[in-house]
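Coordinates in review
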Amino acid sequence: MAIYSATRCCISPLHRISPSRSILLTPNCKPFLLRNAPNLRLVLVRSQSSGSEGLGSPMKRVNSESSNTSIGSSSVIDFLTLCHRLKTTKRKGWVNHGIKGAESIADHMYRMALMALISNDVPGLSRERCIKIALVHDIAEAIVGDITPSDGVPKAEKSRMEQEALNQMCEVLGGGMRADEIKELWEEYENNSSLEANLVKDFDKVEMILQALEYEIGKFQTEIGKNWAAEIISRRKSISAKNRLN
């Protein structure tokens, strides 16, 4: 995110580990997350049948050795659990600028995907592919966090870190066609190597400008402040209109 601050990069250890949870389903099928479990796996607890002895039959563990179907389900839930960090990790540029309740990485990607969905058709451009690129372009930040220019991380190193994180996430997903597609979409955006990537890069900037405008409008508490902000916005529009004419 191209918002600048003097804060140095500080990536939480949380972003360097893979998720480690199990899901416990009670007889009523209400899930509970068991933290610090070695792997994420489905645990079924069967209640005691009438007349049987003891507190119930042993837990049945469904893991990678049991069936091919459970491999897919386990990998998917592992991957989605890891992606949850995108919903809870705030965009650091806004945080560095003192924005309270800053948007998350997922907030940003979701609105970019909406931009791709509602954009005009362009000859030779796939809007569906734009939506997919928008949804994965920052996905590696689930592990490395939102690295901004103010963190002082060289561009090449940032790309290497994110590529490594992406590979880890695709391993969590279990590899295969979907993982390969995510890698391809991410690399296409990273390398700006298609018309779709060009457009999504623009959406990235447009979404940031729109978010900045929303923060600007929302934080003024007096009529003077609102009026001055409105004047600045008006001048921006005038400059933008002149640039389009040129």
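See above for the structure.
Residues numbered from 1 in each chain as written. Predicted model: local features only at pLDDT ≥ 70, side-chain atom pairs only at ≥ 80, totals over all residues. Heavy atoms only, no water.

**Some words on the packing of helix α3 (residues 105-118) against helix α4 (residues 127-136)**
As a reminder of what qualifies: Helix axes are fitted only over the stretch in contact, all axes being lines through C-alpha atoms; the angle between N-to-C directions runs from 0 to 180 degrees. Note on conventions: DSSP H or I runs of at least 4 residues are helices, E runs of at least 2 residues are strands, and numbering of each starts at the N terminus. Roughly parallel refers to an angle under 35 degrees, roughly antiparallel to one over 145, roughly perpendicular to one between 65 and 115, and oblique to any angle outside these ranges. By definition in these notes, contact holds between two residues if any of their heavy atoms fall within 4.5 Å. Think of it as three bins: nonpolar holds Ala, Val, Leu, Ile, Met, Phe, Trp, Tyr, Cys and Pro, charged holds Asp, Glu, Lys and Arg, and polar takes everything else, Gly as well.
At a closest axis distance of 8 Å, the pairing of α3 and α4 adopts a crossing angle of 175°. For the element pair α3 / α4, the angle class is roughly antiparallel. Residue-level contacts link Met109, Met112, Ala113, Ala116, Leu117 and Ile118 of α3 to Arg127, Cys130, Ile131, Ala134, Leu135 and Val136 of α4. Its residues placed into classes, the contact of α3 with α4 shows 11 nonpolar, no polar and one charged.

**Looking at the nonpolar core**
Our working definition: For the purposes of this section, nonpolar cores are sets of buried Ala, Val, Leu, Ile, Met, Phe, Trp, Tyr and Cys residues that join through side-chain atoms within 4.5 Å. Whether a residue is buried, partly exposed or exposed follows from its accessible area with a 1.4 Å probe, protein chains only, as a fraction of its type maximum: under 20%, in between, or over 50%, in that order.
Among the nonpolar cores identified, the biggest contains 37 residues, and Phe79, Leu86, Ile139, Leu166, Met169, Ile182 and Val200 are the most heavily contacted of them. At the level of secondary structure, the elements contributing two or more residues to this core comprise α1 (68-88), α3, α4, α5 (141-144), α6 (155-173), α7 (176-191) and α8 (195-218). For this core, the leading source of residues is α6, giving seven residues. Judged by nonpolar contacts, the second largest core, of five residues, contains Trp94, Ile99, Ala102 and Met208.

**Some points on the pattern of salt bridges**
Short version of the rule: Each salt bridge in this description consists of a side-chain nitrogen of Lys or Arg and a carboxyl oxygen of Asp or Glu lying within 4 Å of one another.
According to the stated counting rule, one finds 13 salt bridges in the structure shown. Two residues, Glu162 and Lys158, come together in a salt bridge whose shortest N-O distance is 2.9 Å. With Glu162 and Lys158 both in helix α6 and four residues apart, this pair spans about one turn of that helix. Across the pair Glu164 and Arg160 runs a salt bridge, and its minimum N-O distance is 2.8 Å. Linking Glu164 with Arg160, this pair stays in helix α6, spanning four residues, or about one helical turn.

Geometry only, nothing functional implied.
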